[in-house]
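Residue-level listing of the chains:
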Amino acid sequence: MTRRRSTLILTTAAALLAGGCTTFSDAASIARVNDAELDQDQFDEMLPLVADPATLEPGATGGAARTTISVWLEAQVFTQALDDAGIEIPQDVLDITTANLSDQFPTFTSVSDETRDLLVAYVAGFDLLTQLPSPPEDEVAAWFDAGPSSSGLACVAHILVETEGEAADVVDELAEAEEEGGDAAEQAAFIDLAAERSIDPSAADNGGFLSCDRADAISQQYVPPFADAALAATPGVPTDPVESDFGFHVIRLQTYAESTEQLAPLTDAGLIQVEFAVDAADIRVDSRYGTAEGLTVVPLGG
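Here goes a summary of the coordinates provided.

## Side note on the overall build of the protein chain
Phase 1: A count of helical and extended segments in the protein chain gives 12 helices and 10 strands.
Phase 2: Burial analysis of the protein chain (302 residues in total) assigns 49% to the buried set.
Phase 3: The contacts in the protein chain between residues at least 6 apart in sequence include a share of 69% that link residues at least 24 apart.
Phase 4: Total accessible area on the protein chain stands at roughly 14,200 Å², and carbon and sulfur atoms take up 49% of it.

## With respect to the nonpolar core
Across soluble globular proteins, nonpolar side chains show a tendency to be buried alongside one another.
Phase 1: Residues Phe43, Ile69, Trp72, Leu73, Val77, Ile283 and Val285 are the most contacted members of the largest nonpolar core, which totals 46 residues.
Phase 2: Sort the elements by how many residues they give to this core and helix α2 (residues 63–84) lands first, with 10 residues.
Phase 3: Discounting residues that sit within four places of it in the chain, Trp72 has contacts with Ala31, Arg32, Val33, Ala36, Glu37, Leu38, Gln42, Met46 and Leu118.
Phase 4: In terms of nonpolar packing, the next biggest core, distinct from the first, is built from 15 residues, Ala157, Ile159, Val170 and Phe248 among them.

## A look at the environment of Glu186
Phase 1: Among the structural elements, Glu186 can be located in helix α7 (residues 164–197).
Phase 2: When the C-alpha atoms of Glu186 and Leu174 are compared, they prove to be 5.5 Å apart, with 12 residues separating the residues in sequence.
Phase 3: Residues in contact with Glu186, not counting those within four places in the same chain, are Leu174, Ala177, Glu178, Gly236, Pro238 and Arg252.
Phase 4: Side-chain polar atoms of Glu186 contact the side chain of Arg252, separated by 2.9 Å.

## Section: a negative patch on the surface
Phase 1: Together, Glu162, Glu166, Asp169, Asp172, Glu176, Glu178, Glu179, Glu180 and Asp183 line one region of the surface with negative charge.
Phase 2: When you line up the elements, Asp172 lands in helix α7.
Phase 3: Under the relative-accessibility criterion, Asp172 is labelled partly exposed at 44%.

## Points about helix α5 (residues 137–145)
Phase 1: Among all positions of α5, only Val140, Ala141, Trp143 and Phe144 are buried. For α5, the angular spread of buried residues about the axis comes to 165°, placing them on one side.
Phase 2: Against α6 (148–151), β4 (153–161), α11 (256–268) and α12 (271–280) lie the buried residues of α5.
Phase 3: Just past α5, the residue Gly147 takes up positive phi, approximately 105°.

## Here we look at the sheet that holds β4
Phase 1: With antiparallel pairing, the 4 strands of this open sheet are ordered in space as β5-β4-β7-β6. Each of the sheet's edge strands pairs with one partner strand only, and the pair in question is β5 (209–214) and β6 (242–244). Each strand axis lies, on average, 40° off the axis of its neighbour in the sheet, ignoring direction.
Phase 2: For β4 and strand β7 (residues 247–253), the ladder comprises 6 bridges, and the chain directions are antiparallel. Paired with Leu160 across the bridge in β7 is His249.
Phase 3: Along the sheet face, α11 touches β4, β5 and β7 and points at about 130° away from the line of β4.

## Let's talk about the environment of Glu162
Phase 1: Checked against the element boundaries, Glu162 lands in the loop between β4 and α7.
Phase 2: Of the residues examined, Glu162 reaches a relative accessible area of 58% and is grouped as exposed.
Phase 3: Put simply, Glu162 and Glu243 are 81 residues apart on the chain and 9.5 Å apart in space, counted from C-alpha to C-alpha.

## Focus on the pattern of salt bridges
Phase 1: For the structure on display, the rule yields 7 salt bridges.
Phase 2: A salt bridge links Arg116 to Asp113; the nearest nitrogen and oxygen atoms lie 2.4 Å apart. A residue pair is termed a helical-turn pair when its members lie 3 or 4 positions apart in one helix, as Arg116 and Asp113 do in helix α4 (residues 113–125) at 3 residues.
Phase 3: Where Arg252 meets Glu258, a salt bridge forms, and the shortest distance between an N and an O atom there is 2.9 Å.

Rules used in this analysis
- Here the residue numbering is sequential within each chain, running from 1 through the sequence in written order.
- Residue-level local features of this predicted model are given only where pLDDT is at least 70; pairs of side-chain atoms are given and counted only at 80 or more, and the full residue set underlies all totals for whole chains, interfaces and linings.
- Each side-chain value is derived from all of the structure's non-hydrogen atoms; neither hydrogens nor water enter the calculation.
- Helix numbering and strand numbering both begin at the N terminus, where a helix is a DSSP run of H or I of at least 4 residues and a strand a DSSP run of E of at least 2.
- In this scheme, a residue with accessible area under 20% of its type's maximum is buried, one over 50% is exposed, and one in between is partly exposed, where area comes from a 1.4 Å probe on protein chains only.
- Any two residues whose heavy atoms approach within 4.5 Å are treated as being in contact.
- We get accessible surface area from the Shrake-Rupley algorithm with a probe of 1.4 Å; when it comes to residues, only the shown protein chains can shield them.
- Nine residue types can take part in a nonpolar core, namely buried Ala, Val, Leu, Ile, Met, Phe, Trp, Tyr and Cys, and a core is a set of them joined through side-chain atoms within 4.5 Å.
- Polar contact is the term for a pair of N or O atoms within 3.5 Å; when the atoms are in protein, one must be able to donate a hydrogen and the other to accept it, and sequence-neighboring residues count only if both atoms are side-chain atoms.
- Patches in this entry comprise residues that are over 30% relatively accessible and not in a salt bridge; like charges within 9 Å are linked, as are nonpolar side chains (Val, Leu, Ile, Met, Phe, Trp, Tyr) within 5 Å.
- Any Lys or Arg side-chain nitrogen found within 4 Å of a carboxyl oxygen on Asp or Glu counts as a salt bridge.
- Under the counting rule used here, the positive set is Lys and Arg, the negative set is Asp and Glu, and His together with the chain ends is not counted.
- Charged groups are reduced to one reference atom each: NZ for lysine, CZ for arginine, CG for aspartic acid, CD for glutamic acid.
- This arc is built from the directions going out from the helix axis to the C-beta atoms.
- Whether two strands pair depends on DSSP finding at least two bridges between them.
- Geometry is summarised by axes, namely lines fitted to C-alpha atoms with helices restricted to the contacting stretch, and by angles between N-to-C directions that run from 0 to 180 degrees.

Dropping the structure here:
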């Protein structure tokens, strides 16, 4: 789900994030993260660093403005998370980052100390997000098992067969296995049935497992009927038959308990920790500009 947010910030961890939407109306404040506020002066300083100045219009509230606010939200959440964890950025890293940003953006040296310090800490501290403490495992499990709409992540497996009748038989057999032996029996039955019946050539070796990934990566990687069904599924609960150009799928998202090994790289990269920091933050955006979905500002109703 990584995407380029602006000319200032390269690929970011927050690209996987999705959260609640909160707006407010306050002419003196454009956005807020906890006690920090983005006022008009700081917004005006940041806007040329994020968008092409030739495209800007006075008082604009469009895409360039939303991107600028998104960068500010991201910078505040990340730097506040590091501060809360007591993680300090080495001074030499701050100095190098300041020099690099000054070389890249001619106007960077003229912005206020507050804006410069925020953006330098944001860029310099990005690699330190891996040091954020991991949330309690039971909280991560509940978050992940609530499904992709909660976590933005999914570990996907499937059984692919040629006909809808075959797929319906698979669904019935999985239900019988669960009724007789509970979740563990259903999980084992899915792996066995994938190896026995799936026409996916890899299923015999991997029990039907495909990938653990971010929701938007799944949307891009798989055909729409499959991706839509996978992202609407509940971990541990097989779907009804899903038709695609390849045949009929029974899709099953793995639970957290089944996915800890595959999710470990995301924790090691600090991505899950950042998600929890976003959830814990009080994020608000002036309704003139849109609404915050996680750290991304989108048009109202968009």
